[in-house]
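Chain residues, written in single-letter form:
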Amino acid sequence: MKTGALLVSISALALVACSAPKQESAALGSEVGASNQDLAPVRRILVQDQAEYKEAVKNAQPGDMIVLANGEWNDFDAVFKGVGTAEAPIWLSAETEGNVFLTGQSSLRLGGEHLIVSGLVFRNGYTPRNEVISFRVDSKLLANNSRVSHTVIDDFNNPDRSQRDIWVVMYGKNNEFDHNHLAGKLNSGPTMAIRLNTEESQENSHFVHHNYFGPRPVLGSNGGETFRIGTSHYSLTNSNSRVEHNYFDRCSGEVEIISNKSGGNTFRNNTFFESRGTLTLRHGNGNLIENNLFDGNGTPYTGGVRVINAQQTIKNNYFKDLTGKRFSGGLVVMNGVPNSPINRYHQVNGAMIEGNVFENIAAMELGEGSDNERSAVPINSSFKNNTIISDDGVSPITLHDDMSGIEFSGNKSNQAPPEAISSGFEVEPNLKQKIDASEYGVPREATGVSWYPKVGTGSPFDTGKDIAVSPDENAISNAIKTAEAGDRLVLAPGSYNEAKIIELDFPITIVAEENGSVDLSFERKNMFVLSGKAGLKLSGVNVSGARAPDNVGNSFITTTSVGGGSNHTLIIQNSTFSDFVVNRSFAIVNASKGTLYQDIKIINSDFSDVSGSVVKLDAETDDFGMYNVESLEIENSHFSNIAGPAVIVYRGGRDESTFGPLVSFKGSTFTNVGTAGGPSALLHGAQVLTFEGNKIEQSQPFKFVVTTGKPKPFLEGNSLNGDETASVLNIEDLRK
Ligand code: CA
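These numbers come from a predicted model, not from an experiment. (Residues numbered from 1 in each chain as written. Predicted model: local features only at pLDDT ≥ 70, side-chain atom pairs only at ≥ 80, totals over all residues. Heavy atoms only, no water.)

**Student:** Looking at this structure, I do not really get the overall build of the chain. What am I missing?
**Tutor:** Secondary structure summary: the chain contains 4 helices and 69 strands in total. Relative to its length of 736 residues, the chain is compact, with a C-alpha radius of gyration of 28 Å against a globular reference of 27 Å. If one aligns the C-alpha atoms of the chain with their principal axes, the spans along those axes are about 80 × 70 × 45 Å. Buried residues in the chain amount to 59% of all 736 residues. Restricting the contact set of the chain to residue pairs at least 6 apart, pairs at least 24 apart contribute 75%. Put simply, the chain shows about 27,300 Å² of open surface, and 47% of that area lies on carbon and sulfur atoms. The average position of the 61 basic charges and that of the 85 acidic charges among the side chains of the chain differ by 4 Å. (Helix = DSSP H or I, 4+ residues; strand = E, 2+ residues; numbered from the N terminus. Rg over C-alpha atoms; globule rule 2.2 N^0.38 Å. Buried < 20%, exposed > 50% of the residue type's maximum accessible area, 1.4 Å probe, protein only. Contact = heavy atoms within 4.5 Å. Areas by Shrake-Rupley, 256 points an atom, 1.4 Å probe, with all protein chains shown as cover. Lys, Arg positive; Asp, Glu negative; His and termini not counted. Charge placed at Lys NZ, Arg CZ, Asp CG, Glu CD.)

**Student:** Where do I start with the layout of surface pockets in this structure?
**Tutor:** Think of a ball as big as a water molecule: rolled over the atoms, this probe shows where empty space is left. Of the pockets and cavities examined, the second largest pocket occupies roughly 1,500 Å³. Forming the walls of the second largest pocket are 46 residues, and the residues nearest its centre are P215, P217, R250, G458 and Q598. Its residues assigned to classes, the lining of the second largest pocket shows 17 nonpolar, 16 polar and 13 charged. (1 Å grid on protein atoms, 1.4 Å probe; cavity = no way out; pocket = protein on both sides within 12 Å on 5 of 7 lines; lining within 4 Å. Points joined across faces, edges and corners; volume = space filled by probe spheres on them. Nonpolar A, V, L, I, M, F, W, Y, C, P; charged D, E, K, R; others polar.)

**Student:** Is there a simple way to think about the sheet that holds strand β64 (residues 688-692) in this case?
**Tutor:** Hydrogen bonds along the backbone pair up the strands of a sheet, which may run parallel or antiparallel. The strand order across the open sheet formed by 10 strands is β42-β43-β46-β49-β52-β55-β58-β61-β64-β67, and the pairing between neighbours is parallel. The sheet terminates laterally at β42 (466-469) and β67 (714-716), the two strands that pair on one side only. Pairwise comparison of adjacent strand axes, ignoring direction, gives a mean angle of 10° for this sheet. Bridge analysis of strand β46 (residues 507-512) against strand β49 (residues 535-539) gives 5 bridges, and the strand direction is parallel. When the bridges of β49 are listed, T509 appears paired with K537. (Pairing = 2+ DSSP bridges. Axes fitted to C-alpha atoms, helices over the stretch in contact; angles between N-to-C directions.)

**Student:** Can you help me understand the environment of N285 in this one?
**Tutor:** Summarising the element assignment, N285 is placed in the loop between β26 (277-283) and β27 (288-290). Take N285: its relative accessible area is 30%, and that puts it in the partly exposed class. For the pair formed by N285 and E697, sequence separation is 412 residues and the distance between their alpha carbons is 57 Å. When near neighbours in sequence (up to four residues on either side) are disregarded, N285 contacts L236, N238, S262, G263, G264, N309, A310 and Q312.

**Student:** I tried to follow the sheet that holds strand β56 (residues 606-610) on my own but got confused; where do I start?
**Tutor:** Across the sheet, which stays open at both edges, the 9 strands sit in the order β44-β47-β50-β53-β56-β59-β62-β65-β68 with parallel pairing between neighbours. Both edges of this open sheet fall to β44 (494-498) and β68 (719-720), since each of them pairs with a single strand only. Taken together, the 4 bridges between strand β53 (residues 576-580) and β56 define a ladder with parallel strand orientation. Bridge assignment links F577 to a residue of β56, and that residue is F607.

**Student:** In this structure, what is going on with the packing of aromatic side chains? I would like to understand it.
**Tutor:** We describe a pair of aromatic rings using the distance from one ring centre to the other and the angle between the two ring planes. Evaluation of the coordinates by the stated rule reveals 31 aromatic pairs. Relative to F556, the ring of F522 lies with its centre 5.6 Å away and its plane at 50°, an arrangement referred to as tilted. With F522 in strand β47 (residues 518-522) and F556 in strand β51 (residues 555-559), this residue pair connects regions lying 34 residues apart in the sequence. In this structure F556 comes out as buried when scored by relative accessible area, which is 0%. Relative to F702, the ring of F670 lies with its centre 5.1 Å away and its plane at 85°, an arrangement referred to as edge-to-face. A residue pair is termed long-range when its members are at least 10 positions apart, and F670 in strand β62 (residues 669-673) and F702 in strand β66 (residues 702-706) qualify at 32 residues. By the burial criterion, F670 is buried, and F702 matches it. The ring of F207 is capped by R242, whose NZ or CZ atom sits 3.8 Å from the centre of that ring. (Phe/Tyr/Trp six-rings, centres within 6.5 Å; stacked < 30°, edge-to-face > 60°. Lys NZ or Arg CZ within 6 Å of the ring centre and 35° of its normal.)

**Student:** What is the right way to look at the pattern of salt bridges in this model?
**Tutor:** When the charged atoms of two side chains lie near each other, side chains of opposite charge can form a pair. Following the criterion strictly, the structure yields 28 salt bridges and no others. With a shortest N-O distance of 3.2 Å, K185 and D165 are connected by a salt bridge. One end of the pair, K185, is in the loop between β16 (181-183) and β17 (192-194); the other, D165, is in the loop between β13 (152-154) and β14 (166-170), with 20 residues separating them in the sequence. Judged by its relative accessible area of 3%, D165 falls in the buried class. Between R444 and D249 there is a salt bridge, with the nearest N and O atoms lying 2.9 Å from each other. (Salt bridge = Lys/Arg side-chain N within 4 Å of Asp/Glu carboxyl O.)

**Student:** Could you clarify how one ought to interpret the coordination of the calcium ion in this entry?
**Tutor:** Binding of the calcium ion to the protein goes through N222 (OD1), E225 (OE), E254 (OE), E254 (OE) and E256 (OE), at separations of 2.3 to 2.7 Å. Mapped onto the sequence, the residues coordinating the calcium ion show the spacing N-x2-E-x28-E-x1-E. Of the two residues, N222 sits in the loop between β19 (212-213) and β20 (227-229) while E256 sits in strand β23 (residues 256-261), which places them 34 residues apart along the sequence. By relative accessible area, N222 is classed as partly exposed at 36%. Note on E256: relative accessible area 8%, which makes it buried. (Donors = N, O, S within 2.8 Å, 3.2 Å for Na, K, Ca; no water.)

**Student:** Teacher, can you tell me more about helix α3 (residues 50-58) here?
**Tutor:** Along an α-helix, residues three or four positions apart point the same way, because every turn accommodates 3.6 residues. Buried within α3 are the following residues: Y53, A56 and V57. Looking straight down α3, one finds that the buried residues subtend no more than 100° of arc, so they occupy a single side. Looking at α3, the residues exposed on the side facing more than 90 degrees away from the buried face are A51, K54 and K58. The opening residue of α3 is D49, an N-cap whose side-chain oxygen sits 3.2 Å from the backbone nitrogen of A51. (Arc of directions from axis to C-beta. Polar contact = N/O pair within 3.5 Å; in protein donor to acceptor, adjacent residues only side chain to side chain.)

**Student:** How do you make sense of the nonpolar core when you look at a structure like this?
**Tutor:** Side chains that are nonpolar tend, in soluble globular proteins, to be buried together. Counting residues in hydrophobic clusters, the biggest one holds 74 residues, and the most contacted among them are Y53, F80, L108, L110, I133, L331 and F383. Contact partners of F383, with chain neighbours within four places excluded, come to L331, I353, F358, M364, I388, I406, E407, F408, S409, N411 and F425. Residues I467, L536, I557 and I642 belong to the second largest nonpolar core, which totals 71 residues. (Core = buried A, V, L, I, M, F, W, Y, C linked by side-chain atoms within 4.5 Å.)

**Student:** What exactly am I supposed to notice about the pairing of strand β55 (residues 597-603) here?
**Tutor:** If a strand is regular, its side chains alternate between the two faces of the sheet. By the bridge criterion, 6 bridges tie strand β52 (residues 568-573) to β55 in an arrangement that is parallel. Note that in β55 the partner of I572 across the bridge is I602. Relative to strand β58 (residues 629-635), β55 runs parallel, the two being bridged by 6 bridges. If you follow I603 over to β58, its bridge partner there is E635.

In structure tokens:
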């Protein structure tokens, strides 16, 4: 199709006519303002540059299609405005869909009536505005009856994660957003939002369907929602939007996958796969959640629906293999605040929870959040004809308060529910439900576009080729120049020294051919700086800091936000680190502000003689609730003669929108650690702490500063100076 101009132009026209699956097109036509599926442009205007584009938009008439020439459109702050009609819309499309790239400082704003956009790709840049695609040009010129379809926004991230923007914002009324691909948002702000901020944008009846919402990595603070409809301020207003047949793939930015903050919305036939958090009915009344599939696939913190406010209906959904608890449970019905202010928790009133299947969900929390403030229990509600199957021998249901305001009837379970609601259940110990999951949600391949790959799963490491490396000056950095993502550098025995900093922006493994046979040293402030999509797996090496310069604050591995920072994974195993004392505050691993390690795993490794900390992740000191590591696990490792705390993790602020940081120490020893006078480790604001089978010798206990939530440290089998009954954790509680 790319070989001739004539064919290309036919394909561009055919795109609009044939973009939706056949059985959809009739429904689409009647449901959306214009029956634009069956329309073809009258005139096709191919534009080659931004000046030609502007001119074409200025002169656009109903029935025109403005076609962007294939290639890169850099720094394209595009405005698409015009007044089409239902019968003759105005199009903006790609010469060949998927071959027009908006890069650099680019955005697109729509204003007017009956506009249709399709086939564009935003990548390699970020918006200079608050939005990448906006259904308004400015506060006065909104788009109505308009559609954005078959468009991709991929990794279009401001390199400063704390800079907030929203990739897609719908304003106006009767707009449609369908078959788009939005993946990899890293910086602050929802991936997509519907706004109701003026009367012209209320009761808006937008239609959002068949989109692929690809992975949204952990943000490490509030503002990582994938989709928000409304805000608390306008939450008593209806949006009446429909969100249907969308696939949410690992949308794990924060505790809300979708934050619904308006009324009258329908969420139907969406799939939530391995997404942390819940579809949260945070504000607004009269919403319907129906026929969705919530498949956690057993991954941590996956949840279902959280119910707040009045007249919410949750029916015929399939919830499976969800591991989340409390606010992230498979089903969470909140207690409200009596006479609640608009931004707190309105009482659940008239909720209907019917015909759902809950299979192997860890928690169903009823009356969640019950406390002195949230004392208004659910009323006038029903929970009937649901099926609850649990293979682990216990009912997932917990009653946190008096649930007599919910009528339980006709439910089935293979485990006995709590006594207070047991009359509403038939218990059949051998209950097995034959569920056809395909009747719920939407298949992944039915969403997004066919011509842009969806995001794969699995480890970023060891997926490529092996590259043999022999000892030489700068041998590692030279080998990295020839390597690609997922490759392994296999180091022959011997000594390696790096005279330059290795700037890494893709995942790579560096492994000694034989454990312990390789010595590494480096001459700069850092050996590795991670940016972009960098990840590092380091195995079987002995690292010395002795040749580093006489600077304060060197570190073996650090991160930078220059050039854009993804979430990094770092694995260190079977390695030793010694002689990091050339000056003060030498660290093995640290981070720069605004960067996040998704995972750090340190396994079977030894660290000795360090003038700072082994892991120092406290770059976010402004207490905005951002942090530098989501999950840190240390296992079977040994720390000795460390001046600072061996590990520092800092998460400031009191925000409740994240799951992390999670910190775990197992089977490790800390000997003569904190010699400068501090604790052996300082964990400020961590939300999950596991401390099992560790020994602390000639050192102070760990310090754990609790700032928010109800973290319950798991402590078992530890000792302090040989005493197994001594406290290994000093807890400082900053909650009021
Ligand atoms: Ca939030």
